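Chain by chain, the residues run as shown.
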Amino acid sequence: MSPSSSNSNDRGSMETEGNKPVISHIDTASQENGEHEGSTSSIDIVMERKLVRKLDIRMLIWSFFAYFANLLDRNNLQNAFTMGMKDDLGLNSEVYNWAVTMFFIGYVVLQIPSNMIITKLLPRWFLPSVVVAWGTIVCFMSLITTHQALWGCRLLMGLVEAAFYPGMIFLLGSWYTKEELGKRMMMFTTGNQVSGAFGGLIAGGIADHLDGAAGLAGWKWLFIVEGLIGVVIGLVGYFALPNFPHHKTYWLTEEERQTAIKRIERQGSKVKSATFNLKTITNVLATPYAWLQVINFSCIYIGNQMSLNFAIVLREMGYEVAFSNYMNTPAYLFGAITAICVAWSSDRTGDRIWHVALTELWVGVWYLILAIVGHGNNPPALLFVGVYAIAVNISLPALCLAWVTEIYQNDHNSRAVAIAFINAVGNLAPNFINLRAWVVSDAPAFFNGKMTSMGMSFGAVILTLFIAYLLRIEFMLPQPVERKGVKDLEEADTYSKP
């Protein structure tokens with residue numbers, strides 16, 4: 001089955017696009033109720049292109065900048081650590097690692113509830129409000145004076161940010177087709193690399209020019225500046241985001257909205273949300289795919305640690321603070337370019353499996369090299385080459401979630417819960433591992449961390465191929481949920497501007 005053959009009449013079967021198993025399923029019961037009436041009718045190509053262009057200009061670009069702010073605020077701890085926060089708050093390695101982990105504890109607690117809620121709310125109001133809220137919290141982090149306050153703020157940040165990433169992934173999957181989704185998700189998540197690139201520049205600039213201004217240390221200015229960036233981007237989101245296709249959005253015409261519904265229903269995806277029931281939970285927890293993808297996601301996430309600790313490695317090697325922060329920029333930008341290339345190839349070939357597996361094999365090999373050369377104490381040239389080589393890993397979780405979106409496409413609520421569950425647990429578990437593997441006091445060698453990342457990257461290769469095998473033999477596939485309690489929410493939003 002090629003990517004262009006999404007109009008196939010084979011319903012309820014597992015088909016293959018290149019090397020990618022894809023569920024091609026339209027709920028027969030729903031079709032009998034008329035839910036898919038007209039969904040396979042011809043779609044105006046000009047209207048479709050106009051719709052996608054609008055979505056790209058508004059939703060995709062805003063999601064990129066919002067994720068830029070998200071990772072800027074989430075990952076600025078290493079920059080603040082090198083800018084004097086370590087001494088001002090009396091932080092040691094264990095306290096620092098717990099500050100990182102406290103965020104993810106909060107992040108996990110509300111992931112699944114928030115993605116269950118978003119199916120019932122209007123995302124163009126909900127998601128921007130989340131961005132404004134976390135930006136405000138980061139600004140207030142400039143006032144902390146103890147490590148306990150730091151832990152509390154990081155926990156609160158995690159609780160607030162929990163809704164954004166899985167909610168945005170869910171919203172993108174509600175508008176874009178399988179042939180479009182991989183590239184768009186990767187464009188969205190390259191905000192990660194760009195935040196890493198510009199985060200270093202911002203931190204370096206603040207260290208050089210704002211440290212001591214108005215009596216505030218540089219790390220306090222870092223929280224103020226980067227928090228305000230999040231607030232501004234959040235406010236723009238009220239005008240940029242759409243709702244779900246079955247809701248009205250003021251900047252989409254009725255014809256464009258109906259075209260969007262036809263596009264998604266044509267490939268077997270559900271666009272309306274039924275009430276949550278036991279079948280929703282069993283679709284996620286009683287089938288092997290969510291559990292295996294949690295482990296896979298965790299293994300992939302561990303591979304990001306070299307990039308996340310690069311500034312600390314350079315600082316401990318004796319480089320200046322500003323230089324250590326600036327050097328993140330080219331590495332992250334290179335990672336963004338390679339990530340987009342991987343996603344383009346994945347959509348072009350209709351493959352998810354080999355793109356994930358081969359990338360993780362590449363990352364694992366480079367961690368092995370960095371670990372065995374000098375027992376982790378790498379010469380600068382090898383260190384820089386290794387960090388560049390591994391940088392492509394940062395956006396790979398998005399490709400994994402694009403695959404999850406396709407596995408659970410036949411039920412709206414199951415897809416929402418699966419994305420949140422995999423992202424939540426897949427983010428939390430690696431951070432507990434990092435408490436022992438990537439210990440700040442081990443810098444610059446990080447031998448244990450590199451060996452751990454190597455092993456888990458190779459583990460992701462095996463898991464990816466195993467999941468693909470289960471899909472190919474159609475083992476315990478997620479099932480469509482009976483469409484009871486579906487509410488027609490088309491009038492929930494109006495065409496009036498906010």
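The numbers attached to residues start from 1 for each chain and follow its sequence in the written order. Only residues with pLDDT of at least 70 get local features here, since the model is predicted, and only at 80 or more are side-chain atom pairs given and counted; chain-wide, interface and lining totals rely on the full set of residues. Excluding hydrogens and water, the side-chain figures rest on all heavy atoms present in the structure.

Numbering of helices and strands starts at the N terminus; helices are DSSP runs of H or I of at least 4 residues and strands are runs of E of at least 2. When its secondary structure is counted, the chain shows 22 helices and two strands. Only protein chains enter the accessibility calculation, which uses a 1.4 Å probe; a residue is then buried when its area is under 20% of its type maximum, exposed when over 50%, and partly exposed in between. Among the 498 residues that make up the chain, the fraction classed as buried is 61%. Taking contacts inside the chain between residues at least 6 apart in sequence as the whole, the part at least 24 apart equals 83%. Only heavy atoms matter for contacts: two residues are in contact if any of them lie within 4.5 Å across the pair.

A carboxyl oxygen of Asp or Glu within 4 Å of a side-chain nitrogen of Lys or Arg is what we treat as a salt bridge. A full pass over the atoms with the stated rule returns eleven salt bridges. Between Asp 347 and Lys 183 there is a salt bridge, and its shortest N-O distance comes to 3.3 Å. Of this pair, Asp 347 sits in helix H17 (residues 328-349) while Lys 183 sits in helix H9 (residues 178-209), and the two are 164 residues apart along the sequence. Relative accessible area serves as the criterion here: at 5%, Asp 347 is assigned to the buried category.

With that settled, consider the packing of helix H4 (residues 93-109) against helix H21 (residues 412-437). Following both chains from N to C, one finds H4 and H21 inclined at 160°, their axes separated by 9 Å at the closest point. As judged from the angle between their axes, H4 and H21 are roughly antiparallel. Considering only the axes of H4 and H21, their crossing is left-handed. Contact residues: H4 offers Asn 97, Trp 98, Val 100, Thr 101, Phe 104, Ile 105, Tyr 107 and Val 108, while H21 offers Asn 423, Ala 424, Val 425, Asn 427, Leu 428, Asn 431, Phe 432, Asn 434 and Leu 435. Angles run from 0 to 180 degrees between N-to-C directions of axes, and those axes are lines fitted to C-alpha atoms, restricted for helices to the stretch in contact. Note that the term roughly parallel is reserved for angles under 35 degrees, roughly antiparallel for angles over 145, roughly perpendicular for angles of 65 to 115, and oblique for everything else. Left-handed describes a crossing in which the near helix is turned anticlockwise from the far one by less than a right angle; the clockwise case is right-handed.

This part covers the nonpolar core. Residues enter a nonpolar core if they are buried and are Ala, Val, Leu, Ile, Met, Phe, Trp, Tyr or Cys, with the set joined through side-chain atoms within 4.5 Å. Within the largest apolar cluster, 134 residues are counted, with the highest numbers of intra-cluster contacts made by Phe 164 and Met 168. No other element matches the 13 residues that helix H2 (residues 45-74) contributes to this core. For Phe 164, the contacting residues outside a window of four places in its chain are Trp 62, Ser 63, Ala 66, Tyr 67, Asn 70, Leu 127, Val 130, Val 131, Trp 134 and Phe 188.

Our next topic: helix H6 (residues 123-140). Multiplying 1.5 Å by the helix residue count minus one yields the expected span of that helix. Helix length check: H6 (18 residues) gives 26 Å between terminal C-alpha atoms against 26 Å at 1.5 Å per residue, within 8%. Among the residues making up H6, those that are buried are Pro 123, Arg 124, Leu 127, Pro 128, Val 130, Val 131, Val 132, Trp 134, Gly 135, Ile 137, Val 138 and Cys 139. Elements that come into contact with the buried residues of H6 comprise H2, helix H5 (111-118), helix H7 (147-161), helix H8 (164-175) and helix H10 (218-240).

A few words on a nonpolar patch on the surface. Together, Trp 354, Leu 358, Leu 361, Val 365 and Leu 465 make up a nonpolar patch on the protein surface, roughly 410 Å² of accessible area in all. No other element matches the four residues that helix H18 (residues 353-372) contributes to the nonpolar patch. One can find Val 365 in helix H18. On the accessibility criterion, Val 365 (36% relative accessible area) is partly exposed. To count toward a patch, a residue needs a relative accessible area over 30% and no salt bridge; like charges are then connected within 9 Å, while nonpolar side chains (Val, Leu, Ile, Met, Phe, Trp, Tyr) are connected within 5 Å. Using a 1.4 Å probe, the Shrake-Rupley method yields the accessible areas, and only the shown protein chains count as cover for residues.

On to the environment of Leu 71. Position of Leu 71 relative to the elements: it lies in helix H2. Along the primary structure Leu 71 and Thr 189 are separated by 118 residues, whereas in three dimensions their C-alpha atoms are 9.6 Å apart. The contacts of Leu 71, once residues within four sequence positions are left out, are Asn 192 and Ser 195.

Quick look at the packing of aromatic side chains now. Pairing of aromatic side chains here covers Phe, Tyr and the six-membered ring of Trp, requires ring centres within 6.5 Å, and sorts the geometry by plane angle: under 30 degrees stacked, over 60 edge-to-face, intermediate tilted. Under the counting rule described, the total for this entry stands at 25 aromatic pairs. Aromatic side chains Trp 219 and Phe 223 sit 5.9 Å apart centroid to centroid with 85° between the ring planes, which places their arrangement in the edge-to-face category. Of the two residues, Trp 219 and Phe 223 are both situated in helix H10; the distance of four residues between them amounts to about one turn of the helix. Residues Trp 219 and Phe 223 agree in their burial class; the two are buried. With a centroid separation of 5.4 Å and 80° between ring planes, the pair formed by Phe 310 and Phe 384 is classed as edge-to-face. Of this pair, Phe 310 sits in helix H15 (residues 310-316) while Phe 384 is found in helix H19 (residues 380-390), placing the two residues 74 residues apart along the sequence. Counting every residue linked through ring pairs, the aromatic cluster contains Trp 62, Tyr 67, Trp 134, Phe 164, Tyr 165 and Phe 188. Its end group placed over the ring of Tyr 107, Arg 74 keeps NZ or CZ at 4.8 Å from the ring centre. The criterion is that NZ of a Lys, or CZ of an Arg, lies within 6 Å of the ring centre and within 35 degrees of the ring normal, and then a charge sits over that ring.

In short, shape yes, function no, at least from these values alone.
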